[in-house]
Amino acid sequence: HYKEEDLPFISTITEVVHELPEGETRATPNFFEILLQNDCLPSDKQCSDCLRDKKGANCQKCASACPCYCKTLCHVEVEEKFIRKSLTVRPPLYARDPSRLIPRIVHQTWFEDVTPEKYPNMSRLIESFKQSGWDYKFYTDEESIKFLSTHFPPEVREAYDTL
């Protein structure tokens, strides 16, 4: 559960919305559409296998299996994307321990409160964090949503909701 007095110790995100100049329309570049327009989607098995190689795939390795794909990937100029919004992450105003780059805080979320009766193993783990000198912060799903909605732009909350 977070407390208001903890806020100076929490990073924040702010947003700046950039308006598209009047009369100007820009579509976001989409590599799939570029490949489709050039009839260069990697459709045969040999090309797909090469591109999915877990040891690494690139246009040097796959040029013979995927000539059109690689040519398009490496040579088609893509229009610069308009940046609709800028997000700025600000570090906390204060550090509880200035000698540490990363504070000794464990943040945990769970869909409900953790009780020793219902979650004995998790309760012991939580207690071990507290005994080892780490701060421990716990948030239920509802508290997480409230915190994100209050302190961050809507995109952060939307990303959280997709998890």
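Since this is a predicted model, take the numbers as computed values, not measurements.

### Brief notes about the confidence of the model for the protein chain
In step 1: Averaged over the protein chain, the pLDDT score is 82; the fraction of residues at 70 or greater is 92%.
In step 2: Taken element by element, the predicted model of the protein chain shows its lowest mean pLDDT in helix α4 (residues 67–75) (80) and its highest in helix α5 (residues 120–131) (92).

### Some thoughts on the packing of aromatic side chains
In step 1: Across all of its chains, the model carries five aromatic pairs by this definition.
In step 2: Aromatic side chains Trp110 and Tyr119 sit 5.7 Å apart centroid to centroid with 85° between the ring planes, which places their arrangement in the edge-to-face category.
In step 3: Between the aromatic rings of Phe147 and Phe152, the centroid separation amounts to 6.0 Å while the plane-to-plane angle is 55°, which identifies the pairing as tilted. Both residues of the pair, Phe147 and Phe152, count as buried.
In step 4: The rings of Trp110, Phe111 and Tyr119 are connected pair by pair, giving a single aromatic cluster.

### Re the pattern of salt bridges
In step 1: Applying the stated criterion across every chain, the model contains five salt bridges.
In step 2: For Lys118, the salt bridge identified is with Glu112, shortest N-O distance 2.9 Å.
In step 3: Taking the shortest distance from any N to any O, the salt bridge between Asp161 and Arg157 comes out at 3.1 Å. Residue Asp161 and its partner Arg157 are located together in helix α7 (residues 154–162), separated by four residues, close to a single helical turn.
In step 4: By relative accessible area, Asp161 is classed as partly exposed at 43%.
In step 5: What you see here is one network of salt bridges that share partners, running through Glu15, Lys85 and Glu155.

### A look at helix α6 (residues 141–151)
In step 1: Residues of α6 that are buried include every one of Ser144, Phe147 and Leu148, and no others. All buried residues of α6 lie within an arc of 95° about the axis, which places them on one face of the element. Turned more than 90 degrees off the buried face of α6, the exposed positions are Glu142, Lys146 and Thr150.
In step 2: Against β3 (105–110), β4 (135–140) and α7 lie the buried residues of α6.

What counts, and at which threshold
- Residues numbered from 1 in each chain as written.
- Predicted model: local features only at pLDDT ≥ 70, side-chain atom pairs only at ≥ 80, totals over all residues.
- Heavy atoms only, no water.
- pLDDT = per-residue confidence, 0-100.
- Helix = DSSP H or I, 4+ residues; strand = E, 2+ residues; numbered from the N terminus.
- Phe/Tyr/Trp six-rings, centres within 6.5 Å; stacked < 30°, edge-to-face > 60°.
- Buried < 20%, exposed > 50% of the residue type's maximum accessible area, 1.4 Å probe, protein only.
- Salt bridge = Lys/Arg side-chain N within 4 Å of Asp/Glu carboxyl O.
- Arc of directions from axis to C-beta.
- Contact = heavy atoms within 4.5 Å.

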